[in-house]
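# Secondary and tertiary structure notes
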Amino acid sequence: MKKLPIGMQTFSEMREKGYVYVDKTKYIHKLATTGKAYFLSRPRRFGKSLLLSTLEEFFKGNKELFKGLYIHDKGKWDSYPVLRLDFTKLGHESPEILKSALDDFINMRAKDFSIELISKTLTSKFSELIEQIHKTTGKRVVVLIDEYDKAINNHFDDIELAKKNRDVLKSFYQALKGLDNDLRFLFIAGISKFAKTSIFSELNQLEDITIHPKYSEICGYSQEDLQFYFKDHILKVSESEKISEDYLLNSLKTCYNGYSWDGKNFLYNPFSILNFFSTGKLANYWADSGTPTLLIDILKTTDVDLNILANKKSEFVGSFPNFELDNISFATVLLQTGYLTIKKEESKDIRASRFTTGIPNKEVEESLFSYILATYTNNVPESIEPLTNDMIECIYTQDGEGLQKYFEILLGKISNINYGYLKDNIEAYYKVLLISWMQLLGFDIETEVMTLKGRLDALLKTKDFVLIIEFKFSETKSLDSMLNEGENQILEKEYYKPYQNKNIVILSVALQPKDINCKFKTLEEALKQN
């Protein structure tokens, strides 16, 4: 049984030491033989760094490493000088530090090739490095850039710093313009896709393959990959846990599959799958790998789109949406960080396609709403899931006092500073919290449900009963009066009528700033009392 490459991003080590490697070299062959300059956006932990490491070994001509892989016997092999830049290894706490780090990178690569540079500015110095490597070696240069956007994405809590770092990068990447005769291949990868005018204004030759149908599976594991490359690990877990392989595969699909960049081919996140086979447990590895700074900063500084949270989907038309520092879109952030993915593409003749996005899988859904609740309530994400499990038990037993207690625990850490900041929009703030909480419950939940006489706030379905939920918020009304108002609205608007063949329970939730109350009743009890 081959070893699991958990946390490994180096192609040569995986091949030399007998780790599982899912063969992606057919895409490398296509890239190398059909084009020259590419851009790719993929979420974290999705194999971008391994892809660049594989590209590096391919262009260095290390054919032995590729023995048994698709590309091994596909034509003549040659070697090229490779410049690989990984921004996770560079300082970017200020534009000056970023400039210095890039300058150090250029100087070290010049030393590798025994080149002395005379240029002083960042742009001209990087250009000179590439030109001189070509001149010295007689071979055109391969440039591979990993996490190109990290110096921007890590500073959304300070937009001015993010913009200054962006300007440094724009100047640096400008060096690649006009070097067509010196470059054999250029590949730039990252999480975010910024508009070309923001960073790559001079790099008109970049082909964006983020949602290109030919490269939709360039990173990640398909269902076929999972069952072929990990068949021994599947068998091991199946036998140790005494479950069928079919049951195991269905469970894995629900938890970890669902990512797509064309709406047709759906993939697993490699990090989650590798960790599952290591532990044999269906845990939330996406959350354990660390909250993306980008998402947390956006949650703190940007209006959250309630429709996306309630419906867990969004749409875009044409090309993959760009990220704009001056106009941050919540939907775009979720899409580019992997909390949304393409679920469906609709196209008519040659017109631009319409893409419907959705949350990829159970693991990501739990992570997203845990992060939102944790961020909005000043809790840690790890405390949210057990709290939610206790709240689920209160719903099953219709324990209003217990549910109220857990609501109070959830909201108890919101600071006075937050309340002061949110004074003008506190109702929307609570709606984000409540929608996130409902999505975490794991039941069949619908929000903002239209009926003949109005719109109910939320509907929760279990195999035993249907729960109709009405939320009320006021800074002036008493909690008791709001509870009665919510209950009366459910009855007067007859929200229950479509579900009269089920056991129906109603839940009224009343909210004030820093206070909450709730009350369960069966429909039968409520009708008798009214």
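These numbers come from a predicted model, not from an experiment.

A count of helical and extended segments in the chain gives 22 helices and 13 strands. For 530 residues, the compact-globule formula gives about 24 Å, and the C-alpha radius of gyration of the chain, at 27 Å, lands near that figure. Here the chain, with 530 residues, has 57% of them falling under the buried criterion. Sequence separation of 24 or more characterises 69% of the internal contacts of the chain that already satisfy a separation of 6 or more. One way to put it: in the chain the 69 positive side-chain charges average out to a point 5 Å from where the 75 negative ones average out.

With 14 residues, helix H21 (residues 479-492) extends 20 Å from end C-alpha to end C-alpha; this agrees with the ideal 20 Å at 1.5 Å per step. Along H21, the residues that are buried comprise Leu479, Met482, Leu483, Gly486, Glu487, Gln489, Ile490 and Leu491. For H21, the secondary structure elements touched by its buried residues are strand E10 (454-461), strand E11 (466-473), strand E12 (504-512), strand E13 (515-522) and helix H22 (523-529). In the segment just after H21, Glu494 is the residue with positive phi, at about 55°.

As a further point, take helix H9 (residues 231-241). Residues separated by three or four positions in an α-helix point in the same direction, a consequence of the helix having 3.6 residues per turn. Where H9 is concerned, the buried positions are His233, Ile234, Val237 and Ser238. Down the axis of H9, the smallest arc covering the buried residues is 135°, so these residues share one side. H9 presents Lys236 and Glu239 as exposed residues on the side facing more than 90 degrees away from its buried surface. Structurally, H9 contributes buried residues whose contacts are with helix H8 (223-229), helix H10 (245-256) and helix H11 (270-279).

A few words on the nonpolar core. Counting 147 residues, the largest nonpolar core has Leu102, Phe126, Tyr173, Leu176 and Phe187 as its most contacted members. The dominant element in this core, judged by the number of residues it contributes, is helix H20 (residues 426-440), at nine residues. Here Leu102 is in contact with Leu85, Phe87, Leu90, Leu122, Val168, Leu169 and Phe172, once residues within four sequence places are set aside.

Okay, the packing of aromatic side chains next. What the rule picks out here adds up to 34 aromatic pairs. Their ring planes at 75° and their centres at 5.0 Å tell us that Phe46 and Tyr259 sit as a pair that is edge-to-face. Of this pair, Phe46 sits in the loop between strand E1 (37-41) and helix H3 (48-59) while Tyr259 sits in the loop between H10 and H11, and the two are 213 residues apart along the sequence. The residues Phe46 and Tyr259 share a single accessibility class, namely buried. A centroid spacing of 4.9 Å and a plane angle of 20° characterise the contact between Phe316 and Phe355, whose relative ring orientation is stacked. In this pair, Phe316 is assigned in strand E6 (residues 313-317) and Phe355 in strand E8 (residues 354-358), connecting sequence segments 39 residues apart. Accessibility classification places Phe316 together with Phe355 in one group, the buried group. Taken together, the aromatic side chains of Phe11, Tyr21, Tyr38, Phe58, Phe59, Phe66, Trp77, Tyr80, Phe185, Phe187 and Tyr215 make up a single cluster linked through ring pairs. The ring of Trp261 has Arg42 sitting right over it, with the charged end atom 4.0 Å from the ring centre. Lying over the aromatic face of Tyr80, Arg184 brings its terminal NZ or CZ to 5.4 Å of the ring centre.

This next bit is on the pattern of salt bridges. In total, this model carries 24 salt bridges according to the counting rule given. Here Glu13 ties to Lys17 by a salt bridge, and the two come within 3.5 Å at their closest N and O atoms. Residue Lys17 is classed as partly exposed on the basis of its relative accessible area, which comes to 47%. In this structure, Asp326 engages Lys163 in a salt bridge whose closest nitrogen and oxygen atoms are separated by 2.4 Å. On the criterion of sequence distance, the pair formed by Asp326 in the loop between E6 and helix H15 (330-336) and Lys163 in helix H7 (residues 159-174) is long-range, its members being 163 residues apart. Judged by relative accessible area, Lys163 falls into the buried class, the value being 18%. When salt bridges with common partners are traced through the structure, they connect Glu470, Lys472, Lys477 and Glu485 into a single cluster.

What counts, and where the lines are drawn
- Residues numbered from 1 in each chain as written.
- Predicted model: local features only at pLDDT ≥ 70, side-chain atom pairs only at ≥ 80, totals over all residues.
- Heavy atoms only, no water.
- Helix = DSSP H or I, 4+ residues; strand = E, 2+ residues; numbered from the N terminus.
- Rg over C-alpha atoms; globule rule 2.2 N^0.38 Å.
- Buried < 20%, exposed > 50% of the residue type's maximum accessible area, 1.4 Å probe, protein only.
- Contact = heavy atoms within 4.5 Å.
- Lys, Arg positive; Asp, Glu negative; His and termini not counted.
- Charge placed at Lys NZ, Arg CZ, Asp CG, Glu CD.
- Expected span 1.5 Å × (residues − 1).
- Arc of directions from axis to C-beta.
- Core = buried A, V, L, I, M, F, W, Y, C linked by side-chain atoms within 4.5 Å.
- Phe/Tyr/Trp six-rings, centres within 6.5 Å; stacked < 30°, edge-to-face > 60°.
- Lys NZ or Arg CZ within 6 Å of the ring centre and 35° of its normal.
- Salt bridge = Lys/Arg side-chain N within 4 Å of Asp/Glu carboxyl O.

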